Every structure is written in structure tokens, then in C-alpha cells.
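Breakdown of the fold
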Amino acid sequence: MSSFTFSRRGFMGGVAGLAATGLVPHTVMAQDSPIKIGALTPLTGSGGPYGPVMVKAIKAVAGEVNKAGGVLGRQIEIISEDDQTNPEAGVRAARKLVDVDRVSAILGTWASSVTTAVAPICWESGTLLATVSGADAITALPHQGYIIRTQPTTILQGRKFGEFAVEQGVKKLFFFSPQTPFAESQFSNITKAVKAAGGETKSLIYDDKKPSYRSEVDEMLAYGPDVIVLGGYATDTAVLLKDIFRSGYEGKKIAFAYSVNQKLIDSVPAEIVEGIFTIAPSPAESSSAYKRLVSLIDVQNPDPYTTQVYDQVNLVIMAIAKAGAADGKSIRDAIRSVSQAEGGAVVDNAVEGLKLIAAGKPVNYQGASGPCDFTASGDISDSQFRYEQVNGGKLKLLKIA
Amino acid sequence: MLSYLIFTLTLGGIYALLALSLNLIWGGVGMVNLGLAGFFAVGAYASALVALAGVPLPIAMLLACLIGAAAGLLATFATIRLRGDYLAIVTLGFAEVVRMVALNERWLTRGSDGVSGIPAPFRAELGVDGFNLLYLALVSVIVLGVFLTLRRLDLSPFGRVLKAIREDQELATFAGKSVTRFKMQTFALSAAIAGLAGALYGHFQTYISPDHFQPLITIYIFLAVTAGGVGRPVGALAGAYLVVFFLEATRFLGELFTVLEPGQVAAIREVLVGLALLCVLHLRPQGILPERIAPAPKPETSV
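Cut-offs applied
- Residues numbered from 1 in each chain as written.
- Chains lettered and ligands numbered in written order.
- Predicted model: local features only at pLDDT ≥ 70, side-chain atom pairs only at ≥ 80, totals over all residues.
- UniProt positions renumbered as here; feature names shortened; annotations may be inferred.
- Axes fitted to C-alpha atoms, helices over the stretch in contact; angles between N-to-C directions.
- Helix = DSSP H or I, 4+ residues; strand = E, 2+ residues; numbered from the N terminus.
- Parallel < 35°, antiparallel > 145°, perpendicular 65-115°, else oblique.
- Left-handed = near helix turned anticlockwise from the far one by under 90°.
- Contact = placed C-beta atoms within 7 Å.
- Domains from an automatic or database assignment.
- Nonpolar A, V, L, I, M, F, W, Y, C, P; charged D, E, K, R; others polar.
- Buried ≥ 20, exposed ≤ 12 C-beta atoms within 10 Å, placed from the backbone.
- Pairing = 2+ DSSP bridges.
- Right-handed = clockwise from strand over helix to strand, strands pointing away.
- Core = buried A, V, L, I, M, F, W, Y, C linked by C-beta atoms within 7 Å.

Per an unreviewed UniProt entry, chain B goes by the name Branched-chain amino acid ABC transporter permease and belongs to Rhizobium straminoryzae. Under the Subcellular location (unreviewed entry) heading, UniProt states for chain B: "Cell membrane".

The name given to chain A in an unreviewed UniProt entry is ABC transporter substrate-binding protein, with the source organism recorded as Rhizobium straminoryzae. What the UniProt record of chain A gives under Sequence similarities (unreviewed entry) is the line "Belongs to the leucine-binding protein family."

Here it is, written out as C-alpha cells:
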């Protein structure tokens, strides 16, 4: 028998060495050092399915711009960190991006709690934060313009759900949702639309980590709705849908497209998801930016978040060129002059946009997620929505409006 | 870079308080408290909410300790007959209950929006950098104070009774020690320290939400105490700082392996945390700074 010895000194040395690897690249500073942009996406945790593709899109755009000569004569470096879909871990990651890498913008925060936790670090350090989170409260933070959001607010989304339910002739609507930052606002805006058409609504907030939702489904059946709205994420919605199917409910079902997505549809028996309507802020699928994105990252039907970060990185790069400086404050001040310049030439990518900006022409970016025009508080002012229905195990487009 | 180090050290201090809290209850009395995140949350919410209501910060933090201790008493009271695995499960349940209350009692906790804009001491006066430095000093002093107290406790007759209970509860009872009273006192003290850690975290970050208090943090602290050495306060202290540095240092690995996708790097980081725990358990199961048990004095022999 041999026994391992494991000295304290050796262990501490190893850890210190590991920590020191972080110091090395940052001591080298040159005039034409790359412009650093942070990607803070959920690579693990409940947002794990989305993050990796989002980073891929961000890196692809940076690569494309770098190949065309970069911006302000400098290359762009994307530094990716994992927020673990957890605000505590997200803050640590953001601190590293801001304090060590000195990024001028952070893109792609997904969970609302992560965005809210990271936001103060960004506005205090003068770093732009571009997010895909939906909670209304985020843009109400005292962010001094450092937050822009490409995701439509819950108020807008709730109204669209309600209006669609009315189109389906709703009398009694039942709303299922886990406790999310937007559940309450979503429900009250659905209710507003449904009540206006003479219907009524009821909501049930459930725990998104339960293995079964029979008692919740029983409560729904007791109410006797003709339309139910599913406000959850993919994992809990899959479980809930199975229990709804078992209960024999035959009314209509409406869900977020990010939860009832192709992955969920493929993972459950076809009859469970048949006929579900899905609603999502529409990636501007007919737009040229969307088509470019698809060919750039080689992913068919990229999810809304990926289309949004594609727009975010393009906008940030063009804002840097427009401002002639790469710090967060300059990006903040310039971003609206590339996203919505009046009479600007319409562009769908930064490479084209940079050429126009260099020629002194105003640009108006039209992105893969939509027109990308921002209000003073940082919300997008308009968004199209995409309505689909599950038909034979595939999502069939009903309309984009 | 400097501000990042300051931040990491501050966070390390907060983890250290949690590790000391866990070491007291787990290393001391041998009660497995998987509900650490729950007490952490109770302290964070208590202090944040009363501070937002206008209570001065020192009083708010003191209140967080008291409410943490009260929660601890409540939890021990409910679980006093349970030991080992059963206690562990119940405490895990307690943490989830706290998280559910924080998530759903919107009138009190603002639900999943979380509590933002928590007052931070002298932040406006000192600016961000000055504040961070002050806070590091504050947290470090508190950690040192708690550490010295617990070390004193560990070496005192009180500490010896705790270890006697840990080793053999019946024997301790037989020796005339009130096991229930010792357990409740210790659990309350441990919960108060976790509550204090929560209060410090809230005022440092200025934002807390139910998502902050997922069981993940409890696992990190268990890793810290296991790696450091169960049953010895200095082990818990070292373990906590080590875990924070380990978590942060692994970030920089991605830069070495540029061929990997970001998703893979993130997964590797999580694997490394698990591997580190396995390595420690395999190579040095007693931890880096293990508990020192003084040999029993030799019986006096008559000449």
C-alpha cells in the first residue's frame, strides 16, 4: 500500500499558480490593444440551453468585424463568462469582467435577477449593459442610461397574449406560471385585455421544481377554462403539459415560444403538445439581418435571445465607431444614433455599418430581433410578435404581427 | 485588478463567516445543517428590509443576527429529536421554505423582483472604491472577531461539551450535560453568524433576491469546511477563502484552452469544483488543517 502525501505548501502553491494565470495576459498593454466586450450569458443552470448559442453569435459577429479590419483600427475581443443563472455567481463574473478585463460593455444577461444584481456594477463603473431579461423593474432602476434591453417589456407581452386569447374567443382564461419577476405583470395585462372583451381570468402560481402538477391541474379543471396560458420555462412546462394531457383538458393552450420550443416538442409524445399556440417577440424572420445570422452561426431557427444578442453586439460595435471611443460612456451616448438615426441608411450588420459611419453617413440599424429602436429608459419601443401552432410535431407559423 | 481582489477578499470574508457558522454546528456538535442558505437569506432579508425602513445599519445588522438566531432556535426546536440524515433533510427543507416565502410573500420581500437599492454604509461619501475598501476592512474585522470568539469557544469547556455530544450524545447526557440546551444554544449561535453573513452580503451588493439563496451556496460552504478541516475554526476560515479563490481562479482557465467552446469551459469549471472536493476527500479526508484532538492525559500512577 502506498499512501499519497499532499502537502499544504504544494496545494497552496498550485492554487496561487492557478490564480496567477489570470494576471499574465493583462500586464501587457499596448496602444492598439483589442477593444474588450464581455458576454455574460447563462452557460449552466436553468438558462444553460440558451447561453452557448448566444456566445457563439456574439463571437461570430466580432470575428466578422475583425476580419474586415476591426473598429477604430483595433480588434475586438469577446470575453465570455458564465452567470450560472444565479445572481451571486453572476455578480462575481461581472466583477471579473469589469475589474480585470475592463470591458466596455456586457452583453446578454438573461435571468432578470442576474441582470438586476449586475446592473449597479455596470452603471457605477460606466459599463454598458445590454440585456435580454424581461422584468419591467429593470429599466426602472437608476441606471443613467447604461442599460439597454432588446426584450419587449412584460406589459407589451402580456397584452399580446391577452389579445390573442380574445381572438381565440376566450370566455374563461386560466394562467399557469411559476413565480417569475414578470408573472404578476404578465397576468394583469392579460386580464386587462380579456376583461375588455367580456371574459374572465384566474391565475395560479406554482413551484417550478416540482416533479408533478396534479393538484395544480385539478385546480385548473375546477375553474373550467376554455383557454389556458402557460407562463413557465421549458423544464417545468414539459412536466405541466403531461399532467394537463392526462387530465383530459381539451381547451386551447397558449405558451411562450421559448418554453414550448422544438426541443420540448421533440422530447414529449406528440399528442401532449399538439395544437398549442406559441407567442414570442418575433425575430424579424423576414429581415436580412436574421438571414445573415442564420448563415453566420449555422443554426436554423435561432431563439429570440440569440437574435437579440446578435443585434446588441452589432449596435455596440457601431456605437464605438460612431463615438470614436471605446469606453462605456461613449457607447451609451452614441448607441441611439446608430440604432435609430433619423433618415439614416438602413443596415443589418456592423461591417456594412462601419463603412457608412466611416464615410460620415448616419445609419439606422434594423436587426434580427426587430427594428431595435430604444426609448429614453432603455426599452425597445416596438416589437413584432410571432404566433405559431404545434402541428404534427412541428411548429407551424400562423402570423407575424 | 485591485478592485477585483478587494471584491474577492470581501466575498471570501462573507463565505468565511458562513463556513465558521457551519463549522460550529457541524464540526462542533455534529449536526448537519444543509439549511445554511436559509439562515443566510433570513439575515440578508431582515437587515435589508429594516434598513430600507430607515433603521440605522448597525442596528439592522444586529437585528439580522437576532432574527437569524431566532430562526435557528425555531429550526432546532422543530428538529430536536432528529439526528444525522433526518436532520440534514429537514434543514434542507427549511432553506427551501425560506426561499419560497421570499419568492411568494411579495408584500414583504418583493417576490422574485428582489430587494434592490439596499443602503450601503458611507457609499455616497466614500465613492465606490473607498466604500469597497472600507467594507473589506469591516468584513475582515468581523471575520477575525467571530473567528477568535469561536476559537476561544472551541478550546473552552463549552467546546469540549459540544465535542462530547458529537462523539456520543448518550454519554454526554450521562455525564450530566443538558444535550438539548447545548444543541439549541449552538444552533442559535451558528444561525446568528449565518444571519450576520447575510446582512453583510446584502449591504455590500445592494441587491438580494430569492435566486441568491439557492442550495448552491450551501454546497460551496460544505466544500470549504470539508477542505479546510471539519471541527477546527481556522480550517473553516482557510477553506472558505480557498474555495472563493478556487472558484475565481478557474475562470481564467478558459483563456488557456481557447479551443473549447464557452459552454464547455463553464461545464469544466463545475466539474473542477466536484473534482476538487473528491480530491480533498480522497487525499486528505480530514481536511487541510484538521482538528487537533489532544491526547487524553495519562492516568496518574502511584509510585
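Residues and elements named next belong to chain A. Close contact between helix α5 (residues 154-167) and helix α6 (residues 183-196) brings their axes to 7 Å; oriented N to C, the two are set at 40°. Classed by the angle they form, the pair α5 and α6 counts as oblique. The interaxial crossing formed by α5 with α6 has right-handed handedness. Contacts between α5 and α6 involve Thr 154, Ile 155, Gln 157, Gly 158, Arg 159, Phe 161, Gly 162, Glu 163, Ala 165 and Val 166 on the former and, on the latter, Ser 185, Gln 186, Ser 188, Asn 189, Ile 190, Lys 192, Ala 193 and Val 194.

Right, let's talk about the domain arrangement of chain A for a bit. All names here are of chain A. As assigned here, chain A comprises domain 1 (32-152 + 286-365) and domain 2 (154-281 + 384-400). Between the C-alpha centres of domain 1 and domain 2 the distance comes to 31 Å. Opposite the 11 residues of domain 1 that make contact, domain 2 presents 14 residues. A breakdown of the residues in the side of domain 1 that touches domain 2 according to their chemical character gives 4 nonpolar, 5 polar and 2 charged.

A few words on the interface of chain A and chain B. You'll often see interface size given as the accessible area lost when the parts meet. Chain A puts 41 residues into the contact, and the matching count from chain B is 40 residues. Mapped by element, the contributors of at least two residues to the side of chain A that touches chain B are α1 (8-20), α2 (51-67), β2 (76-82), α3 (87-100) and α4 (112-125) of chain A. Here the side of chain A that touches chain B gets 8 residues from one element, more than from any other, and that element is α3(A).

Let us now look at the UniProt feature "domain: Leucine-binding protein" (unreviewed entry) in chain A. Here, UniProt's "domain: Leucine-binding protein" (unreviewed entry) annotation points to residues 34-342 of chain A. Each end of residues 34-342 of chain A is marked by a C-alpha atom, and these two atoms are 31 Å apart; helix forms 48% of the span and strand 17%.

This paragraph deals with the pairing of strand β4 (residues 128-131) of chain A. All names here are of chain A. Because side chains alternate across β4, one face comprises the buried residues Leu 128 and Ala 130, and the other comprises Leu 129 and Thr 131, equally buried. Pairing of strand β3 (residues 105-109) with β4 involves 4 bridges; the strand directions are parallel. From the neighbouring strand, Ile 106 faces β4, where its bridge partner is Leu 129. Read as a crossover between parallel neighbours, the route from β3 over α4 to β4 is right-handed. The sheet contact formed by β4 and strand β5 (residues 147-149) spans 3 bridges and is parallel. Bridge pairing in β5 places Ala 130 opposite Ile 148.

Right, let's talk about the sheet that holds strand β9 (residues 252-256) of chain A for a bit. Residues and elements named next belong to chain A. Taking strand neighbours across the sheet as the criterion, the 7 strands line up as β7-β6-β8-β9-β10-β13-β14 in an open arrangement whose pairing is mixed. At either end of the open sheet lies a strand with only one pairing partner, and these are β7 (200-206) and β14 (394-400). Across the sheet, the axes of successive neighbouring strands diverge by a mean angle of 25°, strand direction being ignored. Sheet topology note: the strand β8 (residues 227-230)/β9 ladder contains 4 bridges and is parallel. Bridge pairing links Val 227 to Lys 252 in β9.

Looking now at the pairing of strand β13 (residues 385-391) of chain A. Residue and element names in this part refer to chain A. As paired elements, strand β10 (residues 277-281) and β13 share 5 bridges and run antiparallel to each other. Residue pairing in the sheet places Thr 278 in a bridge with Glu 388 of β13. By the bridge criterion, 6 bridges tie β13 to β14 in an arrangement that is antiparallel. Paired with Asn 391 across the strands is Lys 394, a residue of β14. The antiparallel hairpin formed by β13 and β14 contains 2 residues in its connecting segment, where Gly 392 sits at a positive phi of about 60°.

Once that is clear, we can look at the nonpolar core. Core analysis: the biggest nonpolar cluster contains 204 residues, and Val316(A), Ala19(B) and Ala224(B) have the highest contact counts within it. The residue makeup of this core includes at least three contributed by each of domain 1 (32-152 + 286-365) and domain 2 (154-281 + 384-400) of chain A. Contacts of Val316(A), omitting those with residues within four sequence positions, involve Ile37(A), Ala105(A), Leu107(A), Leu128(A), Ala130(A) and Ile331(A).

Below, the discussion takes up the environment of Gln308(A). Residue and element names in this part refer to chain A. Examined against the element boundaries, Gln 308 turns out to sit in helix α12 (residues 304-323). For the pair Gln 308 and Ile 148, spaced 160 residues apart in sequence, the C-alpha to C-alpha distance is 11 Å. Residues in contact with Gln 308, not counting those within four places in the same chain, are Val 132, Thr 150, Gln 151 and Ser 369.

With that settled, consider the packing of helix α1 (residues 2-28) of chain B against helix α9 (residues 179-205) of chain B. Residue and element names in this part refer to chain B. Contact geometry for α1 and α9: axes closest at 9 Å, N-to-C directions at 170°. If you check the angle between α1 and α9, you find them roughly antiparallel. In this structure, α1 uses Thr 10, Ile 14, Leu 17, Leu 18, Leu 20, Ser 21, Leu 24, Ile 25 and Gly 28 to contact α9, whose residues at the interface are Thr 186, Phe 187, Leu 189, Ser 190, Ile 193, Ala 194, Leu 196, Ala 197, Leu 200, Tyr 201 and Phe 204. Classifying every residue of the contact of α1 with α9 by side-chain character gives 15 nonpolar, 5 polar and no charged.

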